[in-house]
Amino acid sequence: MEDFTLEELEQGRILFARPATFVMGCAKIEQLPEPDLPEVAFAGRSNVGKSSLINGLVGMHKLARASNEPGRTREVNFFDLDGKMRLVDLPGYGWAKASKTTVKKFQDLGRDYLRGRVTLKRVYLLIDSRHGLKKVDDEALDALDLAAVSYQIILTKADKLKKGEAEKVQAATLKAIAKRPAAYPAVIVTSAEKGDGMPELRAEIMRTTGAVL
């Protein structure tokens, strides 16, 4: 994990304590809001904890809607953080309940967003720390490398691990992405439930977007 100063961590806390609101969900690339604010996007397998992470970042329980049914996020959802930046929730991947045609439709939408969004500063790819990188994640990693979009891996649900296991998964993940061209060489371990890693992730996003208080 990267080192952040106490000042950066505090500025990140203050920034993400500002009002956050849902802007819109887009089912077509033509519906995207104007690219007038820096954006960071969150991607990952269905049920990896994207909604919980976004809610944890802004300290709100119901900003992003969590669902017990994998694959419910079928649009690109935009959230505004007090006019400073947008947080973007991308459709999940790796579920089996939707038809192949439907899956392709909203995965293509996610890819179109990645390729053409000039204000996109980084994609945070969420990986369940209990499982680490799996074969199903390779397609997402390949797509991000192909789109030449900077991405960083965030390990979720670290509170479910035994002591010391998170560090092992973190090290293994760093090793696995070492030769990937668009991967940012730092992995943040988080628990939305316990709040672990959230101050560091807020500071990381603030650095990445250049957002100021």
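Use the structure listed above.
What you see is a predicted model, and the numbers here were worked out from it, not measured in a lab.

### Looking at the overall build of the protein
Each helix and strand in the protein was counted, giving 6 helices and 7 strands. Going from the N terminus to the C terminus, the protein shows its helices and strands as α-β-β-α-β-β-α-β-α-β-α-β-α. With 213 residues in all, the protein has 50% of them scored as buried. Considering only residue pairs separated by 6 or more positions, the protein has 76% of its internal contacts joining residues 24 or more positions apart. Working note: accessible area of the protein is about 11000 Å², and carbon and sulfur atoms make up 51% of it.

### What to know about the packing of aromatic side chains
Here the structure, examined in full by the defined rule, presents 3 aromatic pairs. Ring centres of phenylalanine 78 and tyrosine 113 lie 6.1 Å apart, and the angle between their planes is 75 degrees; this geometry places the pair in the edge-to-face category. Highlighted residues: phenylalanine 78 in strand E3 (residues 76–81) and tyrosine 113 in helix H3 (residues 100–116), separated in sequence by 35 residues. The ring of tyrosine 184 has arginine 122 sitting right over it, with the charged end atom 3.9 Å from the ring centre.

### Describing the environment of alanine 171
Its location among the elements puts alanine 171 in helix H5 (residues 165–177). On the basis of relative accessible area, alanine 171 is assigned to the partly exposed category, the value being 46%. With 15 residues separating them in the primary sequence, alanine 171 and alanine 186 have C-alpha atoms 9.8 Å apart.

### Points about the pattern of salt bridges
Per the stated rule, a full pass over the model turns up 14 salt bridges. Where arginine 180 meets aspartate 145, a salt bridge forms, and the shortest distance between an N and an O atom there is 2.7 Å. Residue arginine 180 is found in the loop between H5 and strand E7 (188–189), and its partner aspartate 145 is found in helix H4 (residues 135–147); the two are separated by 35 residues along the sequence. Of the two residues examined, arginine 180 and aspartate 145, each falls in the buried class. Overlapping salt bridges bring together Asp36, Glu39, Arg86 and Arg117 as one network.

### Comments concerning the pairing of strand E6 (residues 151–156)
Among the 6 residues in E6, 6 count as buried, and that is most of the element. The pairing of strand E5 (residues 120–128) with E6 spans 6 bridges and is classified as parallel. Each bridged residue has a counterpart across the sheet, and for leucine 125 the counterpart in E6 is isoleucine 153. Of the crossover connections in this fold, the one passing from E5 over H4 to the parallel E6 is right-handed. Where E6 lies against E7, 2 bridges are found, and the strand directions are parallel.

### Some thoughts on the sheet that holds E3
Ordered in space as E1-E3-E4-E2-E5-E6-E7, the 7 strands form an open sheet in which the pairing is mixed. Both outer strands of the open sheet, strand E1 (20–26) and E7, are each paired with one neighbouring strand and no more. With respect to the sheet, H4 is in contact with E5 and E6, its orientation differing from that of E5 by roughly 170 degrees.

### Things to note about helix H2 (residues 50–58)
For H2, the buried fraction is high: 7 of the 9 residues fall into the buried class. Of all the positions in H2, only Lys50, Ser51, Leu53, Ile54, Asn55, Leu57 and Val58 are classed as buried. In the segment just after H2, glycine 59 is the residue with positive phi, at about 70 degrees.

### Remarks on H5
In an α-helix, one full turn covers 3.6 residues, which means residues spaced three or four apart are oriented alike. A rise of 1.5 Å per residue sets the reference length of H5, with its 13 residues, at 18 Å; its end C-alpha atoms lie 19 Å apart and thus fit the reference within 8%. The secondary structure elements touched by the buried residues of H5 are E6 and E7.

### Quick notes on the packing of helix H1 (residues 6–16) against helix H6 (residues 198–209)
Relative placement of two packed helices is described by the angle separating their axes and the distance separating the axes. Interaxial distance between H1 and H6 falls to 8 Å at its minimum, and their mutual angle equals 85 degrees. With respect to H6, the element H1 is oriented roughly perpendicular. Contacts between H1 and H6 pair Glu8, Leu9, Gln11, Gly12, Arg13, Leu15 and Phe16 from the former with Pro199, Glu200, Arg202, Ala203, Ile205, Met206 and Arg207 from the latter.

So, how was this worked out
Residues numbered from 1 in each chain as written. Predicted model: local features only at pLDDT ≥ 70, side-chain atom pairs only at ≥ 80, totals over all residues. Heavy atoms only, no water. Helix = DSSP H or I, 4+ residues; strand = E, 2+ residues; numbered from the N terminus. Buried < 20%, exposed > 50% of the residue type's maximum accessible area, 1.4 Å probe, protein only. Contact = heavy atoms within 4.5 Å. Areas by Shrake-Rupley, 256 points an atom, 1.4 Å probe, with all protein chains shown as cover. Phe/Tyr/Trp six-rings, centres within 6.5 Å; stacked < 30°, edge-to-face > 60°. Lys NZ or Arg CZ within 6 Å of the ring centre and 35° of its normal. Salt bridge = Lys/Arg side-chain N within 4 Å of Asp/Glu carboxyl O. Pairing = 2+ DSSP bridges. Right-handed = clockwise from strand over helix to strand, strands pointing away. Axes fitted to C-alpha atoms, helices over the stretch in contact; angles between N-to-C directions. Expected span 1.5 Å × (residues − 1). Parallel < 35°, antiparallel > 145°, perpendicular 65-115°, else oblique.

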